[in-house]
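Structural characterization, general
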Protein chains: 2
Amino acid sequence: MKKIRSEIIAIGNEILAGWTLNTNSHWISQRLYEIGVTVEWMTTIADTEAEIIAALKLADTRADIILCTGGLGPTPDDITKSTIAGFFGSSLVTDEATLTHIKNLFAGRNLGMSPTNIKQAVVPDNAELIFNPIGTAPGLMFTKNEKLFFFMPGVPGEMKQMINSFILDIISARYQLDQLETFILRTTGIPESRLFEKLATVLNEGPDVPVSFLPKITGVDIKIRISRQPREVYQRVRTLCDQIRRIAGKYIYTETEQEMAQVLGNLLRTEHLTLSVAESFTGGSIASQITDVPGSSEYFQGALICYSNESKIKDLEVSAQTIQNYGAVSEETVREMLSGVRKMFQTDCAIATSGIAGPGGGTTAKPVGLAYVGALFRDKVLVKKFNFGKDRLINKDRGTMAGLESLRRLIL
Amino acid sequence: MKKIRSEIIAIGNEILAGWTLNTNSHWISQRLYEIGVTVEWMTTIADTEAEIIAALKLADTRADIILCTGGLGPTPDDITKSTIAGFFGSSLVTDEATLTHIKNLFAGRNLGMSPTNIKQAVVPDNAELIFNPIGTAPGLMFTKNEKLFFFMPGVPGEMKQMINSFILDIISARYQLDQLETFILRTTGIPESRLFEKLATVLNEGPDVPVSFLPKITGVDIKIRISRQPREVYQRVRTLCDQIRRIAGKYIYTETEQEMAQVLGNLLRTEHLTLSVAESFTGGSIASQITDVPGSSEYFQGALICYSNESKIKDLEVSAQTIQNYGAVSEETVREMLSGVRKMFQTDCAIATSGIAGPGGGTTAKPVGLAYVGALFRDKVLVKKFNFGKDRLINKDRGTMAGLESLRRLIL
């Protein structure tokens, strides 16, 4: 089975200038992978004839399928259409069906049409048109040297519509594509290098499949994407995953795309447990991630974000003596925060954090990045000490992950 | 003045596979534009020797500055380093300073080092190393045919650190760059089309400069980027900004890149005011955004995230009668939440939210997206009703912005 290689080209100065984040190419690559097409190149270029021609020529030398977004709009800087007419040797003609569609669209919105809108119905005569139900610019498809070229508007909604209702079908019908399956094992609490070493033996023994390690601030995702055929290789990947689970199981918090707050939420719901949170170091980030999950009000009762000692003492009943003896950033204080917040909200479980998020506030004894993160599940309490780092936002993220993960492990 | 053209190359199968959204190239392009460097190409390629070499060769033909991210990690799929050593004719040597840094990093985190980590200190002998204070892989800089090549890790925090504290300085020192100035006016509380209509007259009258409207979930940023020369055009842009301020001033919360939480924080610090927050609808997101700001502990005392009526009654002293009469999602409840949380934390100011974030929990009378967002400043209280929408995360974001903005306006 021949491997089908594709290239995504985004045309747009606003992306190059850093004003628009290019989510189109990302979204298209996800859709293509689902049907078994590999994206080998993503390119972003300026809205000029020279750059568009250069990019198309290059793509023509290496890709089987070329998907372009942007530059089909009505404004004068959108020059893609005349440029590609040159590239494909087309004449530009007015398409009556498109013109009618544009007229209907404007009539439906009670808007007046302008000559610029009428220009949208002018298309290359050797292109197949892709209907745009929600916008004025039709998409274009060309076949050249056995290759498929698609041109779509840059507006995400219009582009997605064309991919979903036309382009994926065309590609699937034309090529015999592999069925792919993705294995994902999301880990936290172990650095990428350590994880890799633990797994080195089984990865070397295993089949020659690309195992991706995707490091994030809060953990490492292991991903393997593989065809279901041949069956023998597929089975060896399944065996490899079993081995990874056996070796790194305690670090794996999910084998889905779900975030940790969702994973913990599922566990709390299944076990009919309730949760409260006391946050100093993480400043509300744990509560916010928990409440990002739909239905979290079923198990989440509330949180106290206590940025002062007074609040810890008054609302969480942390003893003033404990803070005086050990400091607010200490295992002892976090233990009392846990029991205090559990009592305050009358919950089965609790998470608490205290630390120095930075960049200021550090001392030699208690430097920036020092944090105590604890979890409580009924009569079990676990508080761990961390030395995260100097970056405030990363510290908040890591402390949040550590808090959620601590409770997950305590419940299991 | 020669135009300096740059290319950003992202190396990573995880981007091509749609597993990771490429925010690195976007962020780098923003920083480069700020110092007057134009990004002409963004390319994403696979982690293979052939693709990396091909991309470097192509970039070498067209760009003055080439910035690459990704592939510097410790696992075998990170092959960038050996590949670029081949491209630049380097030998690989162990750098002692980097090795010491790696050892210190691991010692500080109480983690064991592995042979894989030691490999990170192996670098091309003809590269200038870029220090990585937060990670193990140093960045690399090469000069070849008067061109600058930079290689950075794909981890965003590490990449950003290298750009900010080394690469921008190197580029600025080497080239005489056109001084660009960006005018930014960040607005919230007015939809893009309304804002555009209000400003249509002055935009048409104004000079022929590209005014960009950048809509986000929480507001619209107006940006104008222009050279300081010729002076006459620059002055006309300044006049245009004055006109925008006159017409849309009440919606403009900052003329910097700062987020709203930072803007409000500056105001609270300047005015010596303290703040507490009571969050139901926003679930901790307001507290988390406030505490994202370094030094927020100066003015932020704490927050109560109250996901239950009991907590509102017990901790915030909202009267049970109010909740029974008007419901937890009501102006009356939010008013009592405001005075309750102010009393709980003894602060000058307070923000409170209550609503139905969705996707569940809506009724005909109180549909998903309904929210009351209030602010208190000494004896002044303002509670506003919103109908946001159906998306939970967008609702949380919009509610958070509305809360912060309400207090900002109340204080002014």
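Residues numbered from 1 in each chain as written. Chains lettered and ligands numbered in written order. Predicted model: local features only at pLDDT ≥ 70, side-chain atom pairs only at ≥ 80, totals over all residues. Heavy atoms only, no water.

1. Regarding the overall build of chain A
The condition that has to hold: What counts as a helix is a DSSP run of H or I of at least four residues, what counts as a strand is a run of E of at least two, and both are numbered from the N terminus. Each radius of gyration is computed over the set of C-alpha atoms, and the globule rule expresses the reference value as 2.2 Å times the number of residues to the power 0.38. By definition in these notes, contact holds between two residues if any of their heavy atoms fall within 4.5 Å. Only the protein chains shown count as cover for residues, and the accessible areas themselves come from Shrake-Rupley with a 1.4 Å probe.
Across its full length, chain A carries 15 helices and 17 strands. Against the 2.2 N^0.38 benchmark of 22 Å for 412 residues, chain A shows a C-alpha radius of gyration of 28 Å, more extended than a compact globule. Expressed as lengths along the three principal axes of its C-alpha atoms, the size of chain A is roughly 85 × 60 × 40 Å. Taking as baseline every contact in chain A between residues at least 6 positions apart, the subset at least 24 positions apart corresponds to 68%. Taken as a whole, chain A presents about 16900 Å² of accessible surface, with 51% of it coming from carbon and sulfur.

2. Description of the domain arrangement of chain A
Interfaces are often sized by the accessible area lost when the parts come together. Residues and elements named next belong to chain A. We count it as follows: Boundary definitions for the domains trace back to an automatic or database domain assignment. What counts as buried area is the accessible surface, traced by a 1.4 Å probe, that two parts surrender upon association, with contributions from both included.
In terms of domain boundaries, chain A breaks down into domain 1 (5-174), domain 2 (180-254) and domain 3 (260-411). Taking the mean C-alpha position of each, domain 2 and domain 3 sit 31 Å from one another. Of the residues lining the interface, eight residues belong to domain 2; the matching set on domain 3 comes to nine residues. Summed over both sides, the interface between domain 2 and domain 3 buries roughly 810 Å², with carbon and sulfur atoms accounting for 61% of that surface. The three residues of domain 2 that bury the most area against domain 3 are Ile217, Thr218 and Tyr253, which together make up 64% of that side's buried surface.

3. Considerations on the interface of chain B and chain A
This is how the line gets drawn: Salt bridges are counted wherever a side-chain nitrogen of Lys or Arg sits within 4 Å of a carboxyl oxygen of Asp or Glu. Side-chain atoms alone can form a polar contact between residues adjacent in sequence; in general such a contact is a pair of N or O atoms within 3.5 Å, and within protein one must be able to donate a hydrogen while the other accepts it. Note that Gly is not counted as nonpolar here; it falls among the polar residues with everything else outside the nonpolar set of Ala, Val, Leu, Ile, Met, Phe, Trp, Tyr, Cys and Pro and the charged set of Asp, Glu, Lys and Arg. In this description, strands pair whenever DSSP reports at least two bridges between them.
Taken together, the 75 residues of chain B in the interface contact 69 residues of chain A. Summed over both sides, the interface of chain B with chain A buries roughly 5700 Å², with 57% coming from carbon and sulfur. The interface formed by chain B and chain A includes three salt bridges. With its nearest N and O atoms 4.0 Å apart, the salt bridge here joins Glu51 of chain A to Arg5 of chain B. There are 31 residue pairs in polar contact (both at pLDDT 80 or more) connecting chain B and chain A. Among the residues forming the side of chain B that touches chain A, the class breakdown is 31 nonpolar, 30 polar and 14 charged. As paired strands, strand S14 (residues 300-306) of chain A and strand S14 (residues 300-306) of chain B are joined by five bridges and run antiparallel to one another.

4. Looking at the confidence of the model for chain A
Definition in use: Across the chain, each position has a pLDDT score giving the predictor's confidence in that residue, from 0 to 100.
Across chain A, the average pLDDT comes to 91, with 96% of residues at or above 70. Of the two predicted TM-score estimates for the complex, the pTM is 0.83 and the ipTM is 0.84.

5. A closer look at the sheet that holds strand S10 (residues 211-216) of chain A
Residue and element names in this part refer to chain A. For the record, the criterion: All axes are obtained by fitting lines to C-alpha atoms, using only the stretch in contact for helices, and the reported angles, taken between N-to-C directions, cover 0 to 180 degrees.
Spatial strand order, S10-S11-S9-S12: four strands in an open sheet with antiparallel pairing. A strand with exactly one partner marks an edge of an open sheet, and here the two such strands are S10 and strand S12 (252-254). On average, each strand axis in the sheet is inclined to that of its neighbour by 35 degrees, with strand direction left out of account. Relative to S12, strand S9 (residues 180-187) runs antiparallel, the two sharing two bridges. Pairing of Arg186 across the sheet is with Thr254, part of S12.

6. Digging into the sheet that holds strand S12 (residues 252-254) of chain B
Residue and element names in this part refer to chain B. Read across the open sheet, the four strands follow the order S10-S11-S9-S12; overall the sheet is antiparallel. The open sheet is flanked by strand S10 (211-216) and S12, the only strands paired with a single partner. With strand direction ignored, the average angle separating the axes of adjacent strands in the sheet is 35 degrees.

7. Some points on the pairing of S14 of chain B
Residues and elements named next belong to chain B. Rules: To sort residues, take the accessible area from a 1.4 Å probe on protein chains only and compare it with the maximum for the residue type: under 20% means buried, over 50% means exposed, and anything in between is partly exposed. Note on handedness: a crossover is taken as right-handed if, strands pointing away from the viewer, the path from the first strand over the helix to the second is clockwise.
In terms of burial, S14 is largely enclosed, as seven of its seven residues are buried. As paired elements, strand S13 (residues 275-279) and S14 share five bridges and run parallel to each other. By the bridge assignment, Ala278 is partnered in S14 with Leu304. As a crossover connection, the stretch from S13 through helix H11 (residues 285-291) into S14 is right-handed.

8. A word on the environment of Phe300 of chain B
Following the sequence through the fold, Phe300 of chain B ends up in strand S14. Considered as a pair, Phe300 of chain B and Met152 of chain B are 148 residues apart in the sequence and their alpha carbons are 37 Å apart. For Phe300 of chain B, the residues in contact, after removing those within four places along its chain, are Ile305 and Tyr307 of chain A together with Leu275, Val277, Ala287, Ile290 and Thr291 of chain B.

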